[in-house]
Amino acid sequence: MPASPARRVVITGLGAVSSIGTGREAFLSALRSGRTAAKPITAFDTTGYEHAIGCAVADFEPEQWMRNLAPETLGRASQFSVSAARMAVADAGLTDGELREQPCLVSIGTTDGESHDLDHLVESEVRHGPGAMDAGIARRVPAGRLSAAIAHELGLEQVEAVTLPTACAAGNYAIGYGYDAIRSGDTEYALCGGADALCRKTFTGFYRLGTIAPERCQPFDKNRQGILTGEGAGVLLLESLESAVARGARIYAEVLGYGLNCDAHHPVAPNQDSVARCMQLALDDAEVKSSEVDFISAHGTGTKANDVTEAAAIRQVFGDRPPRTVSIKSMIGHTMGAASALASIACALAITEGFIPPTINHVETDPECALDCVPNEAIEADLRVVQNNGLAFGGNNAVVIFGRHEGRTA
Amino acid sequence: MSESGTHITGLGLALPGVAEAADLVSSGERADAPPPDPAERIGRKGLRYKDRATQLALVAARDALCDAGLITPDRERCAAGGSTAVVASSNLGNLDSVCTIAGDIAEKSVAAISPMNLPNASSNVVASSVAIRFGLRGPNLMLCNGVASGLDAVRWGASLISAGRAERALVVGVETGNGVTARLTGVPEDDQLDGAVALVLESSTAARLRGATSMASLGEGVRSTSVAGCVGSLLPYDASASGGTHARGTRSGGAVEAGPGVWFVPERFDLSAPLPGTEGLERHDVTRTFGRASGALGVLQCAAAVSWFASGEATAALVTSGDDGCDGVAGMMLGAPRGAR
């Protein structure tokens, strides 16, 4: 452990690329109004699938955000991550020069890396032979690009850039690592989050498990039918409280702590006790009582198994009167490695703006879940402590606790 | 060596032509050894539906946990599993599974995809499969971070321990050589590592409490943009006096007091290239023996350092992964256990 007292860690910049809005203001407005992005998938050929609705980022223009790298040298997921990082840096009011002066961390989580490119490479190999594989696209595939490209775009030299393929909880893992790195004084700024692009391999995997909803995603609803796959990126800029105060930065929220664990139980089925244990680890790490949590941003995929298991785990930790529990996946779909990062941004905005985003497409709450999921309409709320759950295949759980900055120093 | 800090207390190897850790010391060209056979090493049970990277990782993980005295071959469930993290590193690990699935969808149909194979297409399959088999319920993650990934994984394991999030971490580096990885990387199949290496990292307190023996201590880790920068910030020499450039980079971890006797250089590094501060250091490139190791490299280098310490060849080792043309260079110092001095 570091000899000096641990530093407090705050969020001062937000960057969101999402199917319901790109940029902080557009994302915030969509969260408040409960927008949906579900549309027929055009990112890949869906012939042979009975249904193929997804949440794609439409009309994305990476050149609007990227200044130094040529967009075509990056796969779609890296374009998302670099653009979101650019937004977060600008939102934090930092210049590239100021960022370069300090040791930085870039940690980006993902499920598929550039599997969208791999889909195309393999398809052209299957149809036209190995010689048909595009070398330029093959160079974009290494998943390490998701974080390394951010360092290149920003011209960072004092940087540790890591890509975490911890699947659907990866965004929270990335934020947790950034929190530890700043807390211990190893780094001054951390750009943390996650990115993924729609890909046929993952869509098909979930489809073959029977977990893709035919039309819409309805977390915690009695008649929920599964996930919709989505895409995008969320990147948060973290720094120490003293640094943020010294430079007069706007503080969205404080990262109070986090918990990680592994079910060590089953490749795809979540485990209630273990998910509950992860939430408790996070609360303990944040030194927060469960009764202090004002709302939970759930993993809430909209599958039968996830929602009932997660709800039971929440009740195990929070008792019979759990806090409101929402899932923004109802709006943006399951954005895989970006999911808990975009949800973290939603938590930070909720704390700053004083509202809880809704769970849309809600008709009737599943009595087995029995949670107040803030159905269909956002509500105004004075929030001090918010919990963000991320759960992944392989039983990889990551839970982060955020707090209102003023609320905790008063 | 400092009595505090993070130590390596177990080592597991699934490498061609390597029966025991001491075999790592012998350098030279790659032997024509057969690839490791997971079923032969740990039995067939539990290997069905697992891809090769996962199978190799399970072999190395089993041996590292046994070596550390945390499990036995007959009793694989780790009693200390609740406080044990898993950090796996692999850049190409399940690329063959992912491409096979993508190819089947394109060539055949949606129905050609078996749900049983789906977990293999999940990017964290190696780390989670290791956790499930041995009951390791601590933090669990994977890195696919390019050439520095293996050393980053070692650092990440140490960081989870020093932040109090786990008492120990099983760090696994694994890569497989096959037609798919060869086509996508351009590296011939016979020049790719087909194997796995696992280390048990443990806080000195946790190790002492259960009477575990240190095989090496982890020193400072750095990340830089060049080999010279990385070496410059790790080695105890005066960079300004010798005209070298000190790295500006991120650093973490403890200190190794002794100067190194051996330098495990980046993959295919010029063994005779002059570099200030490294004069007199024996240079060793593990990839000349085992093939290009990609995401497993840093873990393999740390394992090699352990075997050097055991042979009494060195009291401290410098490890670097990645060169100037890469996205980043990672470096770390390792120290021999006190008894070996």
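Criteria and thresholds
- Residues numbered from 1 in each chain as written.
- Chains lettered and ligands numbered in written order.
- Predicted model: local features only at pLDDT ≥ 70, side-chain atom pairs only at ≥ 80, totals over all residues.
- Heavy atoms only, no water.
- UniProt positions renumbered as here; feature names shortened; annotations may be inferred.
- Helix = DSSP H or I, 4+ residues; strand = E, 2+ residues; numbered from the N terminus.
- Polar contact = N/O pair within 3.5 Å; in protein donor to acceptor, adjacent residues only side chain to side chain.
- Contact = heavy atoms within 4.5 Å.
- Phe/Tyr/Trp six-rings, centres within 6.5 Å; stacked < 30°, edge-to-face > 60°.
- Buried < 20%, exposed > 50% of the residue type's maximum accessible area, 1.4 Å probe, protein only.
- Buried area = accessible area lost by both parts, 1.4 Å probe.
- Salt bridge = Lys/Arg side-chain N within 4 Å of Asp/Glu carboxyl O.
- Nonpolar A, V, L, I, M, F, W, Y, C, P; charged D, E, K, R; others polar.
- Axes fitted to C-alpha atoms, helices over the stretch in contact; angles between N-to-C directions.
- Parallel < 35°, antiparallel > 145°, perpendicular 65-115°, else oblique.
- Left-handed = near helix turned anticlockwise from the far one by under 90°.
- Core = buried A, V, L, I, M, F, W, Y, C linked by side-chain atoms within 4.5 Å.
- Domains from an automatic or database assignment.
- Pairing = 2+ DSSP bridges.

Per an unreviewed UniProt entry, chain B is named Beta-ketoacyl synthase-like N-terminal domain-containing protein, and its organism is Streptomyces abyssalis.

Under the annotation held in an unreviewed UniProt entry, chain A carries the name Nodulation protein E and is attributed to Streptomyces abyssalis. As its UniProt record puts it under Subcellular location (unreviewed entry), chain A is described as follows: "Cell inner membrane". What UniProt states about chain A under its Sequence similarities (unreviewed entry) heading is, verbatim, "Belongs to the thiolase-like superfamily. Beta-ketoacyl-ACP synthases family."

K.L.:
So what exactly am I meant to see when it comes to the UniProt feature "domain: Ketosynthase family 3 (KS3)" (unreviewed entry) in chain A here?
P.N.:
As annotated in UniProt, the feature "domain: Ketosynthase family 3 (KS3)" (unreviewed entry) corresponds to residues 6-404 of chain A in the numbering used here. Here residues 6-404 of chain A is 35% helix and 21% strand, with 19 Å between the C-alpha atoms at its ends.

K.L.:
Got a minute to help me understand the UniProt feature "domain: Beta-ketoacyl synthase-like N-terminal" (unreviewed entry) in chain B in this structure?
P.N.:
As recorded in UniProt, the feature "domain: Beta-ketoacyl synthase-like N-terminal" (unreviewed entry) lies at residues 40-176 of chain B. Taken as a whole, residues 40-176 of chain B contains 44% helix and 13% strand, while its terminal C-alpha atoms sit 17 Å from one another.

K.L.:
When you look at the side chain of His362 of chain A in this model, what are you seeing that I'm missing?
P.N.:
Residues and elements named next belong to chain A. By the element assignment, His362 lies in the loop between strand S13 (355-356) and strand S14 (379-380). In this structure the side chain of His362 is engaged in a polar contact, spanning 2.8 Å, whose partner is the side chain of Thr365. Apart from residues lying up to four places away in sequence, His362 is in contact with Pro219, Phe220, Asp221, Cys373, Pro375 and Asn376.

K.L.:
Is there a simple way to think about the packing of aromatic side chains in this case?
P.N.:
All names here are of chain A. Following the criterion strictly, the structure yields 10 aromatic pairs over all chains and no others. A ring pair is formed by Tyr179 and Tyr258, whose centres lie 6.0 Å apart and whose planes are at 90 degrees; its orientation type is edge-to-face. Residue Tyr179 is located in helix H7 (residues 170-183), and its partner Tyr258 is located in strand S10 (residues 253-262); the two are separated by 79 residues in the primary sequence. In terms of burial, Tyr179 and Tyr258 fall into one category: buried. Ring centres 5.4 Å apart and planes at 40 degrees place the aromatic pair Phe206 and Phe393 in the tilted group.

K.L.:
So what exactly am I meant to see when it comes to the interface of chain A and chain B here?
P.N.:
Accessible area lost on assembly of the parts is the figure often given for the size of an interface. Taken together, the 67 residues of chain A in the interface contact 53 residues of chain B. Here chain A meets chain B over a buried area of about 4,900 Å², counting both sides, of which 61% is carbon and sulfur. For chain A, the biggest contributors to the area lost against chain B are Pro165, Lys201 and Arg208 of chain A; these three give 13% of the whole. Taken together, chain A and chain B are joined by three salt bridges. Inspection of the chain A/chain B interface yields 14 residue pairs in polar contact (both at pLDDT 80 or more). At the level of elements, helix H4 (115-128), helix H6 (145-154), strand S6 (159-164), H7, helix H8 (200-208), S10 and helix H10 (272-286) of chain A are the ones that each hand at least two residues to the side of chain A that touches chain B. If you tally residues by element for the side of chain A that touches chain B, the top one is H4 of chain A, at nine residues. Taken together, the residues of the side of chain A that touches chain B break down into 33 nonpolar, 18 polar and 16 charged.

K.L.:
So what exactly am I meant to see when it comes to the packing of H10 of chain A against helix H11 (residues 304-318) of chain A here?
P.N.:
A pair of packed helices is characterised by two quantities: the angle between their axes and the separation of those axes. Residues and elements named next belong to chain A. At a minimum axis separation of 8 Å, H10 and H11 run at an interaxial angle of 50 degrees. Considering the angle they form, H10 stands oblique to H11. Handedness of the crossing formed by H10 with H11: right-handed. Contacts between H10 and H11 pair Gln272, Asp273, Val275, Ala276, Met279, Gln280 and Leu283 from the former with Thr309, Glu310, Ala312, Ala313, Ile314, Gln316, Val317 and Phe318 from the latter. Classifying every residue of the contact of H10 with H11 by side-chain character gives nine nonpolar, four polar and two charged.

K.L.:
Can you help me understand the nonpolar core in this one?
P.N.:
Core analysis: the largest hydrophobic core is formed by 143 residues, its most contacted members being Ile11, Phe27 and Leu238 of chain A together with Leu334 of chain B. When residues of this core are assigned to their parent elements, the largest contribution, 10 residues, is made by helix H11 (residues 297-310) of chain B. Setting aside its immediate chain neighbours within four residues, Phe27 of chain A contacts Ala16, Ser18, Ile20, Gly21, Ile328, Ile332, Leu342, Ile345, Ala346 and Leu349 of chain A.

K.L.:
What is the right way to read the domain arrangement of chain A from this model?
P.N.:
Residues and elements named next belong to chain A. Assigned domains within chain A: domain 1 (9-246) and domain 2 (257-404). The gap between the C-alpha centroids of domain 1 and domain 2 is 20 Å. Listed by partner, the interface residues are 65 residues for domain 1 and 65 residues for domain 2. Together, the buried faces of domain 1 and domain 2 total about 4,900 Å²; carbon and sulfur atoms form 66% of this surface. For domain 1, the biggest contributors to the area lost against domain 2 are Asn172, Phe220 and Arg224; these three give 19% of the whole. In this structure, Glu380 and Arg32 form a salt bridge, with 3.4 Å as the shortest nitrogen-oxygen distance. Summed over the shared surface of domain 1 and domain 2, the result is 26 residue pairs in polar contact (both at pLDDT 80 or more).

K.L.:
Looking at this model, I keep getting lost on the pairing of strand S2 (residues 84-89) of chain B. Mind explaining?
P.N.:
Here is the key point about a regular strand: its side chains alternate between the two faces of the sheet. Residue and element names in this part refer to chain B. Among the six residues in S2, six count as buried, and that is most of the element. The alternating pattern of S2 places Thr84, Val86 and Ala88 and Ala85, Val87 and Ser89 on opposite faces, both of which are buried. The pairing of S2 with strand S4 (residues 168-175) spans six bridges and is classified as parallel. If you follow Ala85 over to S4, its bridge partner there is Ala169. One ladder, built from four bridges, connects S2 with strand S3 (residues 140-143); its direction is parallel. Bridged to Ser89 within S3 is Leu143.

K.L.:
How should the sheet that holds strand S4 (residues 53-55) of chain A be read in this particular structure?
P.N.:
Adjacent strands of a sheet pair through backbone hydrogen bonds, lying either parallel or antiparallel. If you trace the three strands from one edge of the open sheet to the other, you get S3-S4-S8 (chain A), paired in mixed fashion. Each having just a single partner strand, strand S3 (39-40) and strand S8 (229-230) of chain A make up the two edges of the open sheet.

K.L.:
What am I meant to see in the domain arrangement of chain B here?
P.N.:
All names here are of chain B. Taken domain by domain, chain B holds domain 1 (6-209) and domain 2 (216-340). Spacing between the C-alpha centres of domain 1 and domain 2 amounts to 23 Å. Each partner contributes to the interface: domain 1 provides 43 residues, whereas domain 2 provides 40 residues. In total, about 3,100 Å² of surface goes out of reach between domain 1 and domain 2, with carbon and sulfur atoms giving 67% of it. Our count for the contact surface shared by domain 1 and domain 2 stands at three salt bridges. In this structure, Asp191 engages Arg292 in a salt bridge whose closest nitrogen and oxygen atoms are separated by 3.4 Å. Every element with two or more residues in the side of domain 1 that touches domain 2 is listed here: strand S1 (6-14), helix H6 (149-162), S4 and strand S5 (195-203). Looking at which element gives the most residues to the side of domain 1 that touches domain 2, the answer is H6, with seven residues. A per-class count over the side of domain 1 that touches domain 2 returns 24 nonpolar, 13 polar and six charged.

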